[in-house]
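# Close look at the chain arrangement
The lines below spell out each chain.
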Amino acid sequence: MILVKHESALPWDDHRPQITWRGDGQFFAVSVVCPETGARKVRVWSREFALQSTSEPVAGLGPALAWKPSGSLIASTQDKPNQQDVVFFEKNGLLHGHFTLPFLKDEVKVNDLLWNADSAVLAVWLEDLQTEEKSTLKSYVQLWTVGNYHWYLKQSLPFSSCGKSKIVSLMWDPVAPYRLHVLCQGWHYLCYEWHWTTDRSSGDNLSDMANVAVVDGNRVLVTVFRQSVVPPPMCTYRLLLPHPVNQVMFSAHPTESNNLAVLDASNQISVYKCGDSPSVDPTVKLGAVGGNGFKISLRTPHLEKRYKIQLENSEEEEVNPLTLSLLTWVQEDIFLAVSHSHSSPQSVLHYLTVAPSETDDELGQLNISSSVTVDGIIISVCCNSKSKSVALQMAGGQILKYLWESPSLAVEPWKNPGGFPVRFPYPCTQMELAMIGGEECVLGLTDRCRFFINDTEVASNVTSFAVYDEFLLLTTHSHTCLCFCLREASLKTLQAGLSSSHVPNAESLRKVERGSRIVTVVPQDTKLILQMPRGNLEVVHHRALVLAQIRKWLDKLMFKEAFECMRKLRINLNLIHDHNPKVFLENVDTFIRQIDSVNHINLFFTELKEEDVTKTMYPPPSTPTVQPSSDPDGKKVDLICDAMRAAMENINPHKYCLSILTSHVKKTTPELETVLQKVHELQGNAPLVPDAVSAEEALKYLLLLVDVNELYDHSLGTYNFDLVLMVAEKSQKDPKEYLPFLNTLKKMETNYQRFTIDKYLKRYEKAIGHLSKCGPEYFPECLNLIKDKNLYNKALELYPPDSQQYKDISIAYGEHLLQEHLHEPAGLVFARCGAHEKALSAFLACGNWRQALCVAAQLELTKDQLASLGRTLAGKLVEQRKYSDAAAVLEQYAQDYEEAVLLLLEGAAWEEALRLVHKYNRPDIIETNVKPSILEAQKNYMAFLDSQSAIFSRHKNRLLVVRELKEQAQQVNLDDEAPHGQESDLFSETSSVMSGSDMSGRYSHSNSRISARSSKNRRKAERKKHSLKEGSPLEDLALLEALSEVVQSTEQLKDEIYHILKMLFLFEFDEQGRELQKAFEDTLQLMERSLPEIWTLTPQQSSATPVLGPNSTANSIMASYQQQKAAVPVLDADLFLPPKINRRTQWKLSLLE
């Protein structure tokens, strides 16, 4: 037979049924005492009264019942043998989790459980049970929250169980989730409104340990993030207090930011200070960092003193357990606290000071030394540890400034830079003070993620923010963490940086896990602590914080800290130099001594590159006024390698041997021979120093940096066979390959051996140097190598100028230049080495008659040979149209002055021709040749000027017609689209009166077939493009080009005209002279008059015409831009510049006027 033990209901249970609905109203749960067993059970019903489930039997189940609005759990209470728990049921009636209330068994009863609207807080209303020991009974309201599967008691409010402060009713606000309404017996109504806050220390120097405190009943859990990152509910250490804690605050004093004060439910303040304690403090227990066998490097705080706050109105305390709220510790022994008036909507700000105590009692006293009454309700107080400013936020959004340091202790409105009072449009749950661009501003964040700076809404998607030193860090709904430097910032830049359209740079933004919120920043470090929605922590090193910290370390020459951080967080090590090249190069010694690790110095060398990372990867947030730059002549890598090598050799060459080798290898041109030489030295004399490196180790390390085959070649280049063998043994080479080769080399004479090695290594300049020392029998081989590798200049330096070898090399060089069609240089080389015949033929080929005649003189030619040479030269010069030079050669060397005069007349050198005629006393030549020649030239000039004038007028008239047609077409086709021909990008839609399809049919310029043409065909296509054919596209450009050519060719005639006019006057041909002078003057005047008419508008002027303005439309603006873009191809822009006519040039002969 099975005996079933029935659990009866609790003694204080009123046996009344309790009902609770799920948030969506689909189900309700009922807690009733079972008539058969006398025990309480929870049954879940649907809204249609269908039974869903019955709870499992739970011993000691209490009457309180509350279904979580989010629907997942039903809360109730359970009495256990030694404790009282709040337990949770699932919808199916099974138990799912619990937490223990901080009371002994049968000490209290639970009147009610109440979930707030967003299911984040569970309020537990408890009441003392009547016992013999207790004379006064109390009731309590406790607020519990959960994080990382741990239930925290966040607030505890003790009320009296009798009299006017006895609680009658308790309820959460259905709209504002953190507002709690309490109604007491004497018609006292209390309304509490809470918000979440992170209690963190606010120092920004190295002494601040980045403490964060979490309230958990009568314990305060403190995590020291500088030394350990442990997720709650674990902590670094716990502070144990006699009563439940309601508030924690850290000191606002910059140097004492690790000290904290705790306000508990009995309105006592416990002050904990960091520093040396005379004895172990029993109220401080180590958390996750403690344990057996561990040495604790942490300095925990100790309880300095507890203080009771002496209030003037004790009746108020009776009714409202939270008489004082928003406690702020502003200085060593000064606290600020806020209390609220019962009768009117006013707040009182109290200035609390430590009362002087004569006896060393355990309990000290805080006196209210002065109070300021403020209209309205203060909802938050904020203190800036640097500026000591205190800001108060009122329920209406107004921000007030409390002047606590002034004797008057007045409160005044907080004003923005414009002088207007600041007011938040919505109450903010988090408020901070920060310096932005030199002005102190109030930053606020509402529970709806709206972020304000003073009264300006900067963003509406910020989930959390923190101010650290000169940085503002924010997390957003888009799962990013932004970091802004406030020193250079302004409201506008912050607004722009947070706008959705802004694309921030890589330094200020980083992605974070969904729902992350900022916990704290470790001061003077790179750690940013984030908390995830489920409660676990994550440490990120935000790039902006990292770079700012590295820059600070580098400015303070703290290279070791900067290097370690950069190495750990993968920051390019070039920043160590590039941040301030001058300072780094001056302190290379310090850098090496601080790093003090060969591996780390080698790592630094291997990351070096020429790029300046402050301009590419890590641009500074603000450009410094004087940007330090490295020496522009020297290469950065070479400079650093040389400077560091010198420093290492100075400090300890044996210890830093591998780093010294690396500095040679990492240079722009690796100094491998030097490196191998140093390795060989190590092999020769092993130093007796403890930290010295052996040659074996050095070579092994070197092979990590350099390819073994390259190293083998360089070792061969040192001509040191021991070194070659040492490297070859480390390589993958087959000894059967390299040993015979080395043995062959060893048998050779030294210079020939080195020649063979250099030739093998393709170092031909060195090779011929060695071969030149081997003797004359090796010269043919040397000459062949010189010819083969074109080493003439180098070879000429190796031999004396009077040697036969020098002459042979020069002749070979000259012949090589002749093959390259460089006749004049070849002639000079031949002449220098004395090969005059070859020099003569070279100078003849290039037409340098003076040098040719100089060489001929050295050859001592006969008179006839010289005359023959002169005629040959004159013929070549005539071909090149150098008539004056040809005449000089004929007259001086061939003694043929008659032929010389004819050539001068042909070349229009009239005065020189006359000189020769008179020199040889042949006046008959004047009548037979000179005068007819002058008259013929005058006729030719007349005909030429006539044709130029006609062409100019014809082209000018046609150009005016073409322009008129274009204007007409523009009027007609104003709204037509641009032509769709292939060259529509080359000309305007109105560049001719023809249609687009006709134009593209005329010629094609931009198809692939033409782009692959030869340059000759391309030039032909260019000429065709500017076709003078009537109606062709770009006809106006072709006409401009033709007109410009006519003007230029006429302008160039001025000198010739002047000379012929002098001759015409001299020989009394006045009529012909006047005729020519008049014709030339008329032609020039015609052209000068026409220039403004033809060249009306330059491309620059046309592009300057305004296309924007109030009367413009989108279509007209687009059309004008298209027109400008298409009208003139870039290559043709110079056609729009008028040709220059120089009026100063003297060409007229006044004698003929």
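Further up the page is the structure itself.
These lines cover the structure that appears in this document, whether it is placed above or below. What you see is a predicted model; the values in this text were computed from it and never measured.

## Let's talk about the environment of Leu 711
Note that Leu 711 resides in helix H13 (residues 708–717). If we skip the residues at most four places from it in the chain, Leu 711 touches Leu 672, Leu 676, Leu 699, Leu 702, Leu 703, Val 706 and Val 727.

## Focus on the sheet that holds strand S40 (residues 509–511)
With respect to topology, four strands assemble into an open sheet ordered S37-S38-S39-S40, the strand pairing being antiparallel. A strand with exactly one partner marks an edge of an open sheet, and here the two such strands are strand S37 (462–468) and S40. On average, adjacent strands in this sheet sit at an angle of 15° to one another, irrespective of strand direction. Where strand S38 (residues 471–476) and strand S39 (residues 480–485) come together, five bridges link them in antiparallel fashion. Bridge assignment links Phe 471 to a residue of S39, and that residue is Cys 485. Contacts from helix H3 (residues 543–555) reach S37, S38 and S39, with the element oriented near 165° to S38.

## Considering the sheet that holds strand S36 (residues 456–459)
With respect to topology, four strands assemble into an open sheet ordered S33-S34-S35-S36, the strand pairing being antiparallel. Every interior strand has two partners, whereas the edge strands, strand S33 (430–436) and S36, have only one. Adjacent strand axes in the sheet meet at a mean angle of 30° when their direction is disregarded. Pairing of strand S35 (residues 451–453) with S36, which is carried by three bridges, proceeds in the antiparallel orientation. Its bridge partner being in S36, Ile 453 is matched across the sheet by Thr 456. The strands touched by helix H2 (residues 491–498) within the sheet are S33, S35 and S36, with S36 carrying the most contacts at an inclination of about 35°.

## Things to note about the pattern of salt bridges
For the structure shown, the criterion picks out 41 salt bridges. Between Lys 273 and Glu 332 there is a salt bridge whose closest N-O contact spans 2.3 Å. Here Lys 273, found in strand S22 (residues 268–273), pairs with Glu 332, found in the loop between strand S25 (325–331) and strand S26 (334–340); they are 59 residues apart in sequence, far enough to count as distant. Glu 332 gets classed as partly exposed once you look at its relative accessible area, which sits at 34%.

## Considering unusual backbone geometry
Of note, the bond from Pro 232 into Pro 233 is cis; its omega dihedral lies within 30 degrees of zero at 10°. Mapped onto the secondary structure, Pro 233 falls in the loop between strand S18 (219–224) and strand S19 (237–240). Although it is not a glycine, Asn 148 adopts a positive phi angle of roughly 55°. Tracing the chain through its elements places Asn 148 in the loop between strand S11 (138–147) and strand S12 (150–160). The phi dihedral of Asn 267 falls on the positive side, at around 60°, and the residue is not glycine.

Calculation criteria
Counting from 1, residues in each chain are numbered in the order their sequence is written. The predicted nature of this model means local features are confined to residues of pLDDT at least 70 and side-chain atom pairs, given and counted, to a pLDDT of 80 or more, with totals for whole chains, interfaces and linings taken over all residues. Heavy atoms throughout the structure, all of them, feed into the side-chain values; hydrogens and water do not. A run of DSSP states H or I qualifies as a helix once it reaches four residues; a run of E qualifies as a strand once it reaches two. Both are numbered from the N-terminal end. Contacts are residue-level and defined by heavy atoms, with any inter-residue pair within 4.5 Å sufficient. Strand pairing is assigned whenever DSSP identifies at least 2 bridges connecting the two strands. As a rule, the C-alpha atoms of each element are fitted with a line to give its axis, helices using only the stretch in contact, and angles between N-to-C directions run from 0 to 180 degrees. For salt bridges, the criterion is a side-chain nitrogen of Lys or Arg within 4 Å of an Asp or Glu carboxyl oxygen. Residue burial is assigned from relative accessible area. The probe radius is 1.4 Å, only protein chains are included, and a residue is buried under 20% of its type maximum, exposed over 50%, and partly exposed in between.

Remember, this is a structural readout, not a statement about activity or role.
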